[in-house]
Amino acid sequence: MMKNYNPVSAQDYLPRELLKQIQLQRLQKIVAHEYEHVPVYRERMDERGVKPEHIKTLKDIALLPFMMKKDLRDTYPFGLFAMEMSDVVRLHASSGTTGKPIVVGYSKEDIDVWVSCMMRALVAAGVGPGDIIQNSYGYGLFTGGLGAHYGIENLGATVVPTSGGNTERQVMLMRDFGVTGITCTPTYFIHLCEKALQMGLDVRDFPIRVGLFGAEPWTEEMRKRIEGLSGVEAFDIYGLSEMSGPGVGIECECHSGLHIFEDHFYPEIIDPDTCEVLPDGEEGELVFTTISKYAMPMIRYRTRDITHIIDEPCACGRTIRRIARISRRSDDMFIVRGVNVFPSQVESALLAVEGSLPHYRILLTRRPDGLDNMTVEVEISGGFDKIKTLEELQAKFSHSVERILGIHAVIKMVPPNTIPRSEGKARRVFDNRMNPTNQ
Amino acid sequence: MKLKQISVFVENKPGSVGYPCKVLADAGINITTLTLADTKDFGILRIISKNWQEAYDVLKARKFAVSVNDVVALEVENTPGGLSRVLEALERQGLNVEYMYASVFGVHNRAVLIFRFDDTDSAVEKLAGCPDLKIVDSELFFSLK
Ligand SMILES: [Zn+2]
């Protein structure tokens, strides 16, 4: 119990009853604050006949209306802010690939909470003073870079703010500085390890021992690949800008689900169709309420992430609950021939086959007769001189995908380094079905 | 008695064969035999070079999907029926040919064929005791013009 205890993480170990009291007090306060300062939300509460004083227990949260990404777009830029701009010390925004970006704002205290959560995440991954952490999340409007940065710095570890890009230099600095940990997307870390190999270096020979990987969903199969390629212990860190940024939850050394810093982010799981709250253990959509963020509280925010809450005690001794790793994100889902497909399922299917490399993409096209085609491109390693062996490998990929997805995909095996690398979140799906000229 | 063959996995599209060849040429590596086996989706470029280790290292460093394996060069009469006599002899020995291709032609009216057996060592052993078949060893192979 409480192995590697660090006072930074004291809130991770509160007695459950005390934690619930704190959650209720904070929830009541934030709902009253939201009702008073955000007209859009007040109107919705009024429509339902709900007043802040109706929140008497944690279960009463179910009385409150949900928020969605659409609300952030509709109120762009500052419609959901609950404090005067003079109290807002920072703004972040999403890249907004389609339409308006979403904007988030923080008060000084909100930033402090965010930093404290990031510090707790780092401690859970075994990071502390004396560690040198390369932060390869992009710095700027994206919350990843600055979020991780201040957590590392305030914990007393050394931060190397490399941001994304210039990968050869990143490899060089990682070696020369004796970097012991890294924060970035799992995809970028693999890219970095491969770049090192091209430079005649092996990350396994470097002192680096830990990685906090997030900002995109990744699978257990990917963890094995990362750990094999680099020798680092890979921790899944969860966060989203709408909550604060990185550091909403993280795996502990047990790697069996992600602890949620639920004294600040109150989690619920709902049935995405009926919006009913589901009991712990049942799978559904993850919903969060930021119970201690004041510049822009998010009440019952629907994350579109599919998971379940694990309420059994964890061997690490933390009392905060865990969620199962998020491998499915409603936003990433696409439909082929009537079947729902998540990119992570394709990832699991491909990486389960020996000879695959952790680089793939999914191309969707529509035939003139209206039928959809799914082509999966996957890089393979060497070791073949017979056509027969390659055809067998292709068949293995094909069966693996069909077994997991239930539909047929055309497998296109390609040589290493064929699929473009990403320096941030990987783009896996290329849907050209509405774009006949690109067929 | 055996030769080293380098195999490179390539996409079946224009330029995919030229690139590895250029990489080898730039490294000053001479290619003796080059063949492409392909399907509609992909191909395997098979290369025999005296400097096979160097060729392998150069391609590996450039992140090609590359491998090395053993093949056997056999001399065949360059006359009608020459090949079938060799194949019959191999069959009599119970040797299973994975694939084969022609290498050098027109040396004293004889040709050299490259054979990939499923078990190269046992193949070489059997071939050595077979008077109808003549293995071209590495020294002779690379001296052929
Ligand atoms: Zn734990």
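Caption draft 1: Local environment of the sheet that holds strand β15 (residues 328-329) of chain A. Residue and element names in this part refer to chain A. In space, the 4 strands of this open sheet follow the order β10-β11-β12-β15, with antiparallel pairing throughout. The open sheet is flanked by β10 (265-270) and β15, the only strands paired with a single partner. Both β10 and strand β11 (residues 284-290) contribute to a ladder of 6 bridges, which runs antiparallel. Counterpart to P267 in the pairing with β11 is F288.

Caption draft 2: Focus on the pairing of strand β3 (residues 42-48) of chain B. Residues and elements named next belong to chain B. Most of β3 sits inside the fold, with 7 of its 7 residues counted as buried. The alternating pattern of β3 places F42, I44, R46 and I48 and G43, L45 and I47 on opposite faces, both of which are buried. As paired elements, strand β1 (residues 3-11) and β3 share 6 bridges and run antiparallel to each other. Each bridged residue has a counterpart across the sheet, and for V10 the counterpart in β3 is G43. Where strand β2 (residues 33-38) lies against β3, 6 bridges are found, and the strand directions are antiparallel. Paired with T35 across the two strands is R46, which belongs to β3.

Caption draft 3: Seen up close, the domain arrangement of chain B. Residues and elements named next belong to chain B. Structurally, chain B comprises domain 1 (3-69) and domain 2 (71-141). The C-alpha centroid of domain 2 is placed 23 Å from the C-alpha centroid of domain 1. Contacts between the two partners involve 8 residues from domain 1 and, on the opposite side, 10 residues from domain 2. Approximately 860 Å² of surface area, both sides summed, lies buried where domain 1 meets domain 2, with 60% of it carried by carbon and sulfur atoms. Looking at the side of domain 1 facing domain 2, the largest losses of area belong to L3, R46 and N69, adding up to 54% of the total buried there. The tally of links between domain 1 and domain 2 comes to 5 residue pairs in polar contact (both at pLDDT 80 or more). Of all the secondary-structure elements, those providing two or more residues to the side of domain 1 that touches domain 2 are β1, β2 and β3. Class assignment of the residues belonging to the side of domain 1 that touches domain 2 gives a composition of 2 nonpolar, 5 polar and 1 charged.

Rules and cut-offs
- Residues numbered from 1 in each chain as written.
- Chains lettered and ligands numbered in written order.
- Predicted model: local features only at pLDDT ≥ 70, side-chain atom pairs only at ≥ 80, totals over all residues.
- Heavy atoms only, no water.
- Pairing = 2+ DSSP bridges.
- Helix = DSSP H or I, 4+ residues; strand = E, 2+ residues; numbered from the N terminus.
- Buried < 20%, exposed > 50% of the residue type's maximum accessible area, 1.4 Å probe, protein only.
- Domains from an automatic or database assignment.
- Contact = heavy atoms within 4.5 Å.
- Buried area = accessible area lost by both parts, 1.4 Å probe.
- Polar contact = N/O pair within 3.5 Å; in protein donor to acceptor, adjacent residues only side chain to side chain.
- Nonpolar A, V, L, I, M, F, W, Y, C, P; charged D, E, K, R; others polar.

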